Amino acid sequence: MAIATPEIVRLLERGSALDMLRDALESARSGAGRLVLVAGEAGVGKTAVVGAFCAEAGGATILWGACDPLFTPRPLGPFLDLAAEARCELGVAAEAGGGPHELVTALLEAGGGGLTVVVLEDLQWADEASLDALRYLARKVERAPVLVLATYRDDELGRTHPLRAVLGELATRPVVDRLAIEPLSPDGVGELASSAEVDADELYRRTGGNPFFVTEVLAAGNGAVPATVRDAVLARASRLGDDARRILDAVAVAPPRTELWLLEALVGRGLDGLADCLSSGMLAERRNAVAFRHELARLAVENSIDPRRRLELHRLAVAALTCAPDGRTDAARLAHHAEAADEREPALRYAIAAAEQAATLGAHREAAAQYARALRFASDLSDRERATLLERRSDALYNTDEQVEAIAVLEAAIELHRRAEDVRAEASGLARLVPYLSCRGRLSDAMRAAETAAALLDPLPRGRVHAAAYQALGRARLLEDDYDGAIEWCTRALRTAEQHSDAGTLADIALSVATVEMLRDGVSASGALEDAVELARRQGSSAQVVRGLQNLAGIAEYHRDYALAERWLREGLHLCNQLELDLWRLALLEIQVRLELDLGRWDAAAETAQLLIDEPRDSPDPRLQALLVLALVRSRRGDPGAQPLLEEAAAMAEAFPAPQLVHVGALGCALAEVAWLEGRRPD
C-alpha cells in the first residue's frame, strides 16, 4: 500500500492562495513591499503553502524565522533567526543587542536592494518585542523590495491575546493583505486517500479536512482512522528503530529546533537514527538543526516520553546549553530547561537574566513571566531579594497595563520590606503604588498609601526617597482636585530631588508640577509643561516626553483648543509608534477619539473607538471612553447597536471602586443624548 507522507503529498486546493502570494511578490519586486498575514488553524497547511511559494520565488533571498513554543518565548526570537540566516548588517545588529527598530531597519537592508522574502512563523507565540518589530515592519516595508509572510493560528486568539490588537492596528494599512488557509474539502481528502485502504468519508469526518491530521493518518499505514492525531503520530513513530526514537524524544523536548551539536549531547551517542527520522517525514532539516514538521507532532511525542527520561533530557539540555560551542548564553532557553529539570539555582539565575534582557528589549510581558518563574525558585533568598524581584515583576506588569496583578505583586513586595523593617524601601514601594491604585479608581487607597509613605519618612534624614513620597502626595492631592495642595507637594518633591542631585526623577516631578499648573490655569499656562517636556527630552526619557505630550493634548482638548491638542497628539503618537510605548499610545488615543467626535469626524472616531475596544490590555479608562464614543456615533448616524455599548460602559463605570465624576458625567451625557436622539426619556 502506498503511504502518503508530507514530502510527497502535493498541494491540493491551494491555487488561489499561491496566486495571491505571487501577486504580492511582483509588487515587492517593483519596490513596493507587502506584508501578508497568513491565517489558519493548526495543521491546516500554512507552512506548506508558504514553503511551496518560496521554492518557486526565483531570484529572491529567503529568510525564515519562527516564534518559540516555549513557556516564555525568547524576546525577538524570530528576528534573531532571520539574523542568523542573513549574515549581514542584520546579524551585526543582533550581535549588538539591537531592539525591534534596529533589527527591522537592518532587515529591510539585508537584501542589498534585491528582492527578499521574509517568513515569520507562528505569531500566536510571539513575544511583545517581536510584535513591536512587526508593527514597525508594517510601517516601513512599502518602501523596500521585501515581501513579509507572517503566519499565525487564528483559532488560538482569544479576545485578550496580544496578537489580536496588532492585527487590528494593521487592518487598515494598505500594504497589508490577509490570506486565510482553509481545510481541505471532502473531495480533496478523497483525492489524498485514493491510494490508501481507508474510508475517505470517515477520514474527512474525523479530521475535518485538516491536512496535517489527514497525512498523519495516512502515514500510519494501517488503514485505521484513530480518534486523535496523537494516536496517528505515535503509530507513525512506532515504525522507527530505537535510535530514531531516542532522537525524536530529544528533539521533542528542545523546541523550536534542535542544533545538531545539542542533539548529540542529548542522545549521548552517534546520530545514526537521524536519517530515518528525516526520511520518515517526522523531522525536517533546519539550518544545522532539525525540528518536527509540525508542533502538534512534537507535542504528541513529548507527552509520550517517560517522565524520568524527560527530566533527564532537560538536565542534559541545561548542561549542554551552558557550554554552547558559540559561547553564547541563551538565558530564556536555559531558564525553560532548568525549570523543567527542577534545577532551582540555574532556573532562578537564568530566569532573572532572561527577565532583564526582555525588559531591556521592551518585551514586558515576557519579563513579567520570567520574573514569575524566578520567584517560584526564590524561597532561599532573603526578604529583600525577593522584594526586589517582586518590584521588578510589578514594573513589567504595569508596563503591560496589567494593573490589578501589578498592585497585588507590589503590595507583596511592600509587606516583605515591612517585615524586614526597611522603612525607606517600604515608603518607596508605597509611593510607587499611588499611580497604580489611581489607575484602578482606588482613590482613597492611593491617598492612604501616599500619606503613609510620607509619615514613615518624616523622622528620617532627607534623601531621594523623600522626593518620590512627596510627588506621590502631590498626585494624590490632584485626584481630589486639590490643585494648590498638589502643586505644594510636587514643588517640595522637585526641590528635594534638586538638593540630592536626583536627575533621574527631576523631569518626572517637573512634569507633575507643570501639569497641575496647566490644569488649574488652562492652556495659557502650557509653557511650563512644554519646558518640562524639553527637559525630559534632553535627559533621554522618552516615556516622560510622551507623558508630557499626553498631558498637554488632554488639557488642550478639555479646553476645546483642538488645534493645539492635535499638534501635541500628532507628536506624541509619532513617538509612541517609533518606540512602541503602548501604554501612552492608549492614553493618547483616548484623547484622540474624543477630539474626533467633537470635530464631527465620525468615521475616524468610530475607527479609533473600535481599535480601543479591541485592545487586549487591561485599560478601563480608554475602553470606557471608546464605548461611549462609538455609541454616540452610531446613535447620531441612526445606526443600530448603541444600547449594548452604553450598557457595557455603565457596567464598567459601576465596577470602579469609587464613583469618578469624569466617568459619571461622560456616561450621563451619553445616555441623555442617545435618549434624546431616539425620542425617549433617559433611563
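Residues numbered from 1 in each chain as written. Predicted model: local features only at pLDDT ≥ 70, side-chain atom pairs only at ≥ 80, totals over all residues. Heavy atoms only, no water.

Participant: Would you mind showing me how to read the overall build of the chain here?
Facilitator: Helix and strand content of the chain: 34 helices and eight strands. For a compact globule of 683 residues, the expected C-alpha radius of gyration is about 26 Å, and the chain comes in at 28 Å, within 12% of that figure. Here the chain holds 683 residues, and the buried ones make up 54% of them. Sequence separation of 24 or more characterises 67% of the internal contacts of the chain that already satisfy a separation of 6 or more. About 28,700 Å² of surface is accessible on the chain, with carbon and sulfur atoms providing 50% of the total. For the chain, the distance from the average position of its 75 positive side-chain charges to the average position of its 105 negative side-chain charges is 2 Å. (Helix = DSSP H or I, 4+ residues; strand = E, 2+ residues; numbered from the N terminus. Rg over C-alpha atoms; globule rule 2.2 N^0.38 Å. Buried < 20%, exposed > 50% of the residue type's maximum accessible area, 1.4 Å probe, protein only. Contact = heavy atoms within 4.5 Å. Areas by Shrake-Rupley, 256 points an atom, 1.4 Å probe, with all protein chains shown as cover. Lys, Arg positive; Asp, Glu negative; His and termini not counted. Charge placed at Lys NZ, Arg CZ, Asp CG, Glu CD.)

Participant: Teacher, can you tell me more about the pairing of strand 3 (residues 116-121) here?
Facilitator: Along any regular strand the residues' side chains alternate between the sheet's two faces. By the criterion of burial, strand 3 is predominantly enclosed, with six of the six residues buried. Here strand 2 (residues 61-66) runs beside strand 3; their pairing, made up of six bridges, is parallel. By the bridge assignment for strand 3, Leu63 is matched with Val118. One ladder, built from five bridges, connects strand 3 with strand 4 (residues 146-153); its direction is parallel. Among the inter-strand pairings, Val118 is bridged to a residue of strand 4, identified as Val148. Remark: the strand 3/helix 6 (residues 128-140)/strand 4 crossover connection has right-handed handedness. (Pairing = 2+ DSSP bridges. Right-handed = clockwise from strand over helix to strand, strands pointing away.)

Participant: Just to check I follow, could you spell out helix 5 (residues 100-108) for this structure?
Facilitator: Given 3.6 residues to a turn, an α-helix orients residues that are three or four positions apart in the same direction. For helix 5, the buried fraction is high: seven of the nine residues fall into the buried class. Those residues of helix 5 that sit buried are Pro100, His101, Leu103, Val104, Ala106, Leu107 and Leu108.

Participant: How do you make sense of the pairing of strand 1 (residues 34-40) when you look at a structure like this?
Facilitator: Here strand 1 lies mainly inside the structure; seven of its seven residues are buried. Taking every second residue as pointing to the same face, both faces of strand 1 are buried, with Arg34, Val36, Val38 and Gly40 on one and Leu35, Leu37 and Ala39 on the other. As paired elements, strand 1 and strand 4 share seven bridges and run parallel to each other. Note that in strand 4 the partner of Gly40 across the bridge is Arg153. Both strand 1 and strand 5 (residues 176-180) contribute to a ladder of five bridges, which runs parallel. The partner of Leu35 across the bridge, within strand 5, is Val176.

Participant: Whenever I open this one, helix 31 (residues 602-614) confuses me. Can you help?
Facilitator: Compared with the 18 Å implied by 1.5 Å per residue over 13 residues, the 18 Å span of helix 31 between its first and last C-alpha is a close match. For helix 31, the secondary structure elements touched by its buried residues are helix 30 (582-598) and helix 32 (620-637). (Expected span 1.5 Å × (residues − 1).)

Participant: Looking at this structure, I do not really get the sheet that holds strand 8 (residues 289-292). What am I missing?
Facilitator: Sheet strands pair via backbone hydrogen bonds, and the direction of the pair is either parallel or antiparallel. In space, the three strands of this open sheet follow the order 6-8-7, with antiparallel pairing throughout. Pairing within the sheet leaves two strands with one partner each, and these edge strands are strand 6 (258-259) and strand 7 (283-285). Note that strand 7 and strand 8 share three bridges and pair antiparallel. Residue pairing for strand 8: Leu283 is matched across the bridge by Phe292. Contacting strand 6, strand 7 and strand 8, helix 12 (residues 242-252) crosses the sheet at an angle of about 85 degrees to strand 8. (Axes fitted to C-alpha atoms, helices over the stretch in contact; angles between N-to-C directions.)

Participant: What is the right way to read the pattern of salt bridges from this model?
Facilitator: A side chain with one charge can pair with a side chain of the opposite charge if their charged atoms come near. All told, the structure shown has 52 salt bridges when counted by the stated rule. Arg135 is paired through a salt bridge with Asp132; the nearest N and O atoms lie 2.7 Å apart. Of this pair, Arg135 and Asp132 both sit in helix 6, three residues apart, roughly one helical turn. We note that Arg135, like Asp132, is buried. (Salt bridge = Lys/Arg side-chain N within 4 Å of Asp/Glu carboxyl O.)

Participant: Would you explain the nonpolar core in this entry?
Facilitator: Across soluble globular proteins, nonpolar side chains have a tendency to be buried as a group. Judged by nonpolar contacts, the single largest core of 140 residues is most densely connected at Leu35, Phe79, Leu120 and Leu123. Sort the elements by how many residues they give to this core and helix 32 lands first, with nine residues. In contact with Leu35, not counting residues within four places along its chain, are Leu134, Ala138, Val141, Val148, Ala150, Leu170, Val175, Val176 and Asp177. Within the second largest apolar cluster, 45 residues are counted, among which are Ala250, Cys277, Ala355 and Ala378. (Core = buried A, V, L, I, M, F, W, Y, C linked by side-chain atoms within 4.5 Å.)

Participant: I tried to follow the packing of aromatic side chains on my own but got confused; where do I start?
Facilitator: Both the distance between ring centres and the angle between the ring planes are used here to describe each pair of aromatic rings. Tallied over the full model, the rule gives three aromatic pairs. Seen from their ring centres, Tyr470 and Trp489 are 5.5 Å apart, and the 45 degrees between their planes marks the pair as tilted. Of this pair, Tyr470 sits in helix 24 (residues 464-479) while Trp489 sits in helix 25 (residues 483-499), and the two are 19 residues apart along the sequence. On the accessibility criterion, Tyr470 (7% relative accessible area) is buried. Relative accessible area serves as the criterion here: at 15%, Trp489 is assigned to the buried category. Sitting above the plane of the Tyr470 ring, Arg492 keeps its charged end 5.7 Å from the centroid. The ring of Trp489 has Arg492 sitting right over it, with the charged end atom 4.2 Å from the ring centre. (Phe/Tyr/Trp six-rings, centres within 6.5 Å; stacked < 30°, edge-to-face > 60°. Lys NZ or Arg CZ within 6 Å of the ring centre and 35° of its normal.)

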